[in-house]
Amino acid sequence: MDRKNFYITSPIYYVNDVPHIGHAYTSIACDVQARFRRLQGDKVRFLTGTDEHGQKVEKSALARQKTPQEFCDEVSTKFRQLAQILGLSHDDFIRTTEDRHIKSAQEMWRRLEKRGFIYKDVYEGWYAVRDEAFYAQDELVDGKAPTGAEVAWHKEESYFFKLSAFQDKLLMLYEAAPDFVQPQSKMNEVLAFVKSGLRDLSISRNSFKWGVAVPNDANHIMYVWLDALTNYISALGFPDENSSLYQNFWCNTHDSPVHIVGKDILRFHAIYWPAFLMAADLPLPNKIYAHGWWTNQGQKISKSVGNVIDPLQEIEWLKSLGCSQEVAVDYFKYFLMREVPFGNDGDYSRNNFINRINAELANNIGNLVQRSLSMIYKNNNGEIVDIKGFEDGQNLLKNGYQLQNKLIEKLEKFAYDQAIFKIINFASLCNQFINDKAPWVLKKENKIEEMNLVLSTIAEALRLIAVSLQIFLPNLSTKILDFLRIDTNLRQIKNIDQAFCLKVSSQILEPKIIFVRLENNIN
Ligand code: MSP
């Protein structure tokens, strides 16, 4: 089978402030997709990084009496550390202050200019520093940006990009690729916006300095979004279009490039970015997926309310409940992917966290793992028996052998919560099976052969569960696969097949408790 090239990117994060749950969420969603594709045998490239230019970052640096570069170095490191703590499987981390990116962004500018899509004029209108976005008068709501950000009136000389020339081309793109933006509701919003008419876009600033210099005009820096969006190709070696990364992951990809973004930055990705690329005569991404927003116990997360959720603090909280670092990280990622259908808004609450983890992981999968593996280990010398002729067992396992197709169906649509549900559902069937067959009773009744058949069936089921769970719980599932002594090359999802079933007489290792039950210590 040909290995397909799959490129996935998270947004690059503004370094005006330290990372929070929203940043962790987007990155984890990319990580899960990247892991899924790798386990399918695809060649995957997953990019994340930091967005370091613009007025917002410059202001934050000045407020802390630092140079913008010093400040960026400091905060960018925090994002890098978060990615490492979360065990993200990114292949590259780009910073927009790196030379490779500056070169690439300037080349993007030159191409737009050379092809006649840039002109100089005066920008007069509203600008929200928080969003780094321009707004027209009729977009304001109660004197603020539609996002709630404060706006200020700007008048300055600026270069413009002829976005208006791309209205029809964008509409043709959306028509030809109706799932270019996902979920569908978001595609509809984008369509409505483009149909309502596109104005040319101001793409340079000259009232501050912290940005990529406009080629051949030292008075201007590039608008931070034109700069930032280009990161997705800078990291592949652009402007060297012959670079193998660029060829493999921008030009000859399958089902990708995919940009995962929060709904607040969809417009930039679904409208401006394809327009810039078309104008520069470069290939387009395959899909933009816009996810929803987390609230904290029903309230919008914001620094001024003081309810920002810090992922590192949540991991510490889980550790205080008895989890190891590895378990805490897996639980955190699991909860974010499982609690809310991807694309919807969701509410973060520690109570829901505890209930979800206990019900689905500790009490369901954890219980299945612990009780069955310890019984297998203590009987028949820990060895697997031949279950081919065991009809009841095969009937159960049929559901597990279908997992691969079910995961593909759900994960290709980014339905993370439903993909997890398929695995949980199979684990529930296994728990039901073990309850009905009661191997502990079979043992008492000295029906040893039947007991071994039941236990080996569960061992095989655990292989299927653990291989699938690697997408979401890489640390915990590795432990199960290690107990079962599954070869590394057999841990791919494409090997969830009857043909790869556990070998007769293979011996499992002594299992240890791995799924921690969370006790509710919340007042
Ligand atoms: N720098 C730009 C992106 C440039 S991409 C070329 C940016 N950065 S950001 O740091 O403000 O936001 C990054 C991501 O975090 C966005 O996808 C945003 O939607 C997400 N989140 C920020 N707060 C969030 C929540 N409360 N919940 C979920 N995600 C949210 O925008």
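Refer to the preceding data block for the structure.
Residues numbered from 1 in each chain as written. Predicted model: local features only at pLDDT ≥ 70, side-chain atom pairs only at ≥ 80, totals over all residues. Heavy atoms only, no water.

(A) Up close: empty space enclosed by the protein. Counting across every chain of the model gives 3 cavities of 30 Å³ or more. If you go around the largest cavity, the residues you meet are Y13, H23, A24, S27, T48, G49, F79, L82, A83, L86, L88 and F93. Those elements giving two or more residues to the lining of the largest cavity turn out to be α1 (21-39), β2 (43-51) and α3 (68-85). Each residue belonging to the lining of the largest cavity can be placed in one class, and the counts come to 8 nonpolar, 4 polar and no charged. Of the pockets and cavities examined, the second largest cavity occupies roughly 40 Å³. For the lining of the second largest cavity, the residue count by class is 7 nonpolar, 4 polar and 2 charged. (1 Å grid on protein atoms, 1.4 Å probe; cavity = no way out; pocket = protein on both sides within 12 Å on 5 of 7 lines; lining within 4 Å. Points joined across faces, edges and corners; volume = space filled by probe spheres on them. Helix = DSSP H or I, 4+ residues; strand = E, 2+ residues; numbered from the N terminus. Nonpolar A, V, L, I, M, F, W, Y, C, P; charged D, E, K, R; others polar.)

(B) Structural view of the nonpolar core. By size, the foremost hydrophobic cluster in this structure holds 104 residues, and its most contacted members are Y331, F332 and F472. Among the elements that line this core, the one with the most residues is helix α18 (residues 448-469), at 13 residues. Among residues more than four places away in sequence, those in contact with F472 are V32, D330, K333, M337, L411, Y416, A419, I420 and I423. Grouped together as the second largest cluster of nonpolar side chains are 74 residues, L171, M222, A270 and A275 included. (Core = buried A, V, L, I, M, F, W, Y, C linked by side-chain atoms within 4.5 Å. Buried < 20%, exposed > 50% of the residue type's maximum accessible area, 1.4 Å probe, protein only. Contact = heavy atoms within 4.5 Å.)

(C) Region of interest: the site of the ligand. The immediate surroundings of the ligand are formed by 23 residues, with I12, D51, G262, D264 and W294 found nearest. Within the contact set of the ligand, a nitrogen atom lies 2.8 Å away from a backbone nitrogen or oxygen of I12. One of the side-chain N or O atoms of H23 is found 3.2 Å from an oxygen atom in the ligand. In the complex, the protein chains occlude 94% of the 670 Å² of accessible area that the ligand would expose alone. Elements with a contribution of two residues or more to the shell around the ligand: β1 (5-14), α1, α7 (224-229), α8 (231-234) and β12 (258-262). (Near = heavy atom within 4 Å. Polar contact = N/O pair within 3.5 Å; in protein donor to acceptor, adjacent residues only side chain to side chain. Areas by Shrake-Rupley, 256 points an atom, 1.4 Å probe, with all protein chains shown as cover.)

(D) Examining the sheet that holds strand β6 (residues 152-161) more closely. Here we have 4 strands laid out as an open sheet, ordered β5-β4-β6-β8, and antiparallel in their pairing. The two strands at the open ends of the sheet, each matched to only one other strand, are β5 (133-135) and β8 (201-202). Examined bridge by bridge, strand β4 (residues 118-128) and β5 share 3 bridges and lie antiparallel to one another. Paired with W126 across the two strands is Y135, which belongs to β5. (Pairing = 2+ DSSP bridges.)

(E) Examining the packing of helix α14 (residues 391-401) against helix α15 (residues 403-411) more closely. Closest axis-to-axis distance for the α14/α15 pair is 5 Å, and the angle between their directions is 30°. One finds that α14 runs roughly parallel with respect to α15. Contacts from N399, G400 and Y401 in α14 reach L403, Q404 and K406 in α15. Split by residue class, the contact of α14 with α15 holds 2 nonpolar, 3 polar and 1 charged. (Axes fitted to C-alpha atoms, helices over the stretch in contact; angles between N-to-C directions. Parallel < 35°, antiparallel > 145°, perpendicular 65-115°, else oblique.)

(F) Spatial organisation of the sheet that holds strand β15 (residues 299-300). On the basis of which strands lie adjacent, the open sheet formed by 3 strands has the order β15-β14-β16 and mixed pairing. At either end of the open sheet lies a strand with only one pairing partner, and these are β15 and β16 (346-348).

(G) Structural detail: the pairing of β12. With 5 of 5 residues buried, β12 lies mostly within the body of the structure. The alternating pattern of β12 places V258, I260 and G262 and H259 and V261 on opposite faces, both of which are buried. Bridge analysis of β1 against β12 gives 2 bridges, and the strand direction is parallel. Note on β12: the bridge partner recorded for T9 is H259. Pairing geometry for β12 and strand β13 (residues 287-291), over 5 bridges, is parallel. In the strand pairing of β13, I260 is matched with Y289. Traced from β12 through helix α10 (residues 266-279) to β13, the parallel crossover comes out right-handed. (Right-handed = clockwise from strand over helix to strand, strands pointing away.)

(H) Looking closely at the pairing of strand β3 (residues 92-95). Burial along β3 is two-sided: the residues D92 and I94 and F93 and R95 are all buried. Sheet topology places β2 next to β3; 4 bridges connect them, and they run parallel. Across the sheet, G49 pairs through a bridge with I94, a residue of β3.

(I) Region of the structure containing the pattern of salt bridges. For the structure on display, the rule yields 35 salt bridges. A salt bridge links D73 to R95; the nearest nitrogen and oxygen atoms lie 2.6 Å apart. Of this pair, D73 sits in helix α3 while R95 sits in strand β3, and the two are 22 residues apart along the sequence. Its relative accessible area of 33% is what places D73 among the partly exposed residues. Two residues, E445 and K447, come together in a salt bridge whose shortest N-O distance is 3.2 Å. E445 sits in the partly exposed class, given a relative accessible area of 45%. Taken together, the shared-partner salt bridges connect R45, D92, E98 and R100 into one network. (Salt bridge = Lys/Arg side-chain N within 4 Å of Asp/Glu carboxyl O.)

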